[in-house]
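One letter stands for each residue in the lines below.
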Amino acid sequence: MALKVFNTLTRRKEEFKPLKGKKVNMFVCGPTVYDYSHIGHAKTYVQFDVIAKYLRYRGFNVFYLQNITDIDDKIIKRANENKEDPSKLAIKYEKEYDIDMKALGINSVNKYARATNYVKQIIKQIQTLFDKGYAYKTSDGVYFEIDKFKGYGKLSHQPMDKIKEGARVAVNEDKKNPSDFSLWKKEKIGEPSWRSPWGKGRPGWHIEDTAITETEFGPQYDLHGGAIDLIFPHHESEIAQMEASSGRKPLVKYWLHAAFLNIEKEKMAKSLGNFITIREALKKWDSKVLRYFYVSTHYRTPIDYSEKNIQHSKNSLERINEFIRKVSRANGKENKKVKNLIKKTKTAFEKHMDNDFDMPQAIAAVYSFIREVNKQDISKRNGEEIIVFLKKINSVLGFITFEKEKVSAEIKKLVEERENARKNKDWATADKVRDKLKKEGYYVDDTPQGPVIKKL
Ligand SMILES: [Zn+2]
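No experiment lies behind these values; they were computed from the predicted model shown.

Caption draft 1: Local environment of the overall build of the chain. When you go through the chain residue by residue, the secondary structure sums to 15 helices and 16 strands. Over its C-alpha atoms the chain spans a radius of gyration of 25 Å, differing by no more than 12% from the 23 Å that the globule rule assigns to 456 residues. Along the first, second and third principal axes, the C-alpha atoms of the chain reach 80 × 60 × 40 Å. Considering only contacts in the chain between residues 6 or more positions apart, those separated by 24 or more positions represent 75%. As presented, the chain carries roughly 23000 Å² of accessible surface, and 50% of it is formed by carbon and sulfur atoms. Once the 87 positive and 63 negative side-chain charges of the chain are each reduced to a mean point, those two points are 5 Å apart.

See below:
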């Protein structure tokens, strides 16, 4: 069976064949770090986490890269409001982003690349675009001339006249076309800037990604993901920049886009007052329930965030966890049917995931497995086989809770001691207790939900 993915570029489901054997270079647009990330971001990042993990499950050697936009209008604006240094603000929210991602079980990303670490490469790419006649200078920076690039609009499937029609009236009179996009922004007083052949300034948004991916992957790579609202102009412009500068196409073989999240059937917006950060959602719901909520909808289907829908996710997930507890205690007769049921379910899971990562159908296969096993009397060994199988599936899905080893009262007491010391800012004692825990083979993960004891 072949894995098929829906490619935004061709608007077709295509067999997934990486450029080089089993190697997959995968890039997903990361956050602009000026505030806490919201539950719409969480949808995209959880779903692409599952996609990366399934590709690995399938035997692909995935390098998953995400950028961190740490220089941007929004960052500068917020930093000015807070009378703060923009780079400090960016670092703070990059850390918060990392905490949110860990809480949601997102650990598939190999590298987070900060845009400001690639300014040299950005300048080099803009220079190439100049040399090849695609870029021009204005009074406020450097722009890409879209009329020079044949195929601008091929990802969003829009003809050039429609793009031009849709463009807002040019703010800058020097622009050749209102849709020409910024490659380099000339320095304004009080803004962070870097030296360049076109004067001091900072990069435009789209060029960050292509400079990062060209550095890490070269001019062409396998998979680019992101939310659907990034198709135009962001991803469209990435294609124009990189294909124009390298002369090779396509920049990306497979473009995957995740659908929107709505709240109670309405669009989420700060102006509508229904804006929810991941941090707020995690205060209300268990992180695995949230993860289940995102994974149980197809990534190309819009999702409706509502009390009712998440409660439903919570109940559904509890059925799986209850099943895990039950089979962990199985003590009946050896049952020959179990092996077959596992095999059948594994095949069904893979068949659905191979079909453009059909997560809801893949999860449905797990439920029918549970129904079948529940009809059977099973042995301890059967139970163990089932756990091994579901752990393998959970390496992709990531929302099932397996029974943990019992932590002794002594260890719990040490963790408490460490918490108290930390509260009293007695770092020396906290460190001592941490070392004691380490000797016992444990460590403490400080999550937004409080300390979690883990085995080393
Ligand atoms: Zn991007």
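Past the structure itself, the notes keep going.
Caption draft 2: Region of interest: the packing of helix 6 (residues 205-217) against helix 7 (residues 231-246). At a minimum axis separation of 9 Å, helix 6 and helix 7 run at an interaxial angle of 55°. Relative to helix 7, helix 6 is oriented oblique. As helix 6 runs across helix 7, the sense of the crossing is right-handed. Contacts between helix 6 and helix 7 involve Trp-205, His-206, Ile-207, Asp-209, Thr-210 and Glu-214 on the former and, on the latter, Pro-233, His-234, Ser-237, Glu-238, Gln-241 and Met-242.

Caption draft 3: Up close: the coordination of the zinc ion. Looking at the zinc ion, the protein donor atoms are Cys-29 (SG), Asp-209 (OD) and His-234 (NE2), and they sit 1.9 to 2.2 Å from it. Donor residues for the zinc ion, ordered by position in the chain, follow C-x179-D-x24-H. Highlighted residues: Asp-209 in helix 6 and His-234 in helix 7, separated in sequence by 25 residues. Neither Asp-209 nor His-234 differs from the other in exposure class; each is buried.

Caption draft 4: Spotlight on the packing of helix 11 (residues 337-354) against helix 13 (residues 380-397). One way to put it is that helix 11 packs onto helix 13 with a least axis distance of 10 Å and a crossing angle of 10°. Classified by the angle their axes make, helix 11 and helix 13 are roughly parallel. Contact residues: Val-338, Lys-339, Ile-342, Thr-345, Lys-346, Phe-349 and Met-353 in helix 11; Asn-382, Glu-385, Ile-386, Phe-389, Ile-393, Val-396 and Leu-397 in helix 13.

Caption draft 5: Looking closely at the nonpolar core. Core analysis: the biggest nonpolar cluster contains 85 residues, and Met-26, Leu-55, Tyr-305, Phe-357 and Ile-386 have the highest contact counts within it. No other element matches helix 1 (residues 39-57), which puts 11 residues into this core. Residue contributions to this core reach at least three from each of two domains, namely domain 1 (4-258) and domain 2 (263-397). Leaving out residues up to four positions away in the same chain, Phe-357 has contacts with Leu-3, Val-5, Ile-51, Tyr-54, Leu-55, Leu-256, His-298, Tyr-299 and His-352. In terms of nonpolar packing, the next biggest core, distinct from the first, is built from 37 residues, Ile-122, Ile-163, Ile-239 and Leu-251 among them.

Caption draft 6: The arrangement of the environment of Lys-343 in detail. Along the polypeptide, Lys-343 turns up in helix 11. Along the chain, Lys-343 and Arg-434 lie 91 residues apart, while their C-alpha atoms are 43 Å from each other.

Caption draft 7: Representation of the pairing of strand 1 (residues 4-7). Of the two faces of strand 1, only the one carrying Val-5 and Asn-7 is buried; Lys-4 and Phe-6 on the other face are not. One ladder, built from 4 bridges, connects strand 1 with strand 2 (residues 12-15); its direction is antiparallel. Its bridge partner being in strand 2, Lys-4 is matched across the sheet by Glu-15. If you look at the hairpin formed by strand 1 and strand 2, you'll find 4 residues sitting between the two strands, and Arg-11 has a positive phi there, around 55°.

Caption draft 8: The sheet that holds strand 14 (residues 303-305), seen in detail. An order of 13-12-14 is seen for the 3 strands of this open sheet, with the pairing classed as mixed. Two strands in the sheet have a free side with no partner beyond their single neighbour: strand 13 (266-267) and strand 14. With 2 bridges joining them, strand 12 (residues 261-263) and strand 13 adopt antiparallel strand pairing. Bridge pairing in strand 13 links Asn-262 to Lys-267. Helix-sheet contacts for helix 1 involve strand 12 and strand 14, and the interaxial angle to strand 12 is about 145°.

Cut-offs used in this document
- Residues numbered from 1 in each chain as written.
- Predicted model: local features only at pLDDT ≥ 70, side-chain atom pairs only at ≥ 80, totals over all residues.
- Heavy atoms only, no water.
- Helix = DSSP H or I, 4+ residues; strand = E, 2+ residues; numbered from the N terminus.
- Rg over C-alpha atoms; globule rule 2.2 N^0.38 Å.
- Contact = heavy atoms within 4.5 Å.
- Areas by Shrake-Rupley, 256 points an atom, 1.4 Å probe, with all protein chains shown as cover.
- Lys, Arg positive; Asp, Glu negative; His and termini not counted.
- Charge placed at Lys NZ, Arg CZ, Asp CG, Glu CD.
- Axes fitted to C-alpha atoms, helices over the stretch in contact; angles between N-to-C directions.
- Parallel < 35°, antiparallel > 145°, perpendicular 65-115°, else oblique.
- Left-handed = near helix turned anticlockwise from the far one by under 90°.
- Donors = N, O, S within 2.8 Å, 3.2 Å for Na, K, Ca; no water.
- Buried < 20%, exposed > 50% of the residue type's maximum accessible area, 1.4 Å probe, protein only.
- Core = buried A, V, L, I, M, F, W, Y, C linked by side-chain atoms within 4.5 Å.
- Domains from an automatic or database assignment.
- Pairing = 2+ DSSP bridges.

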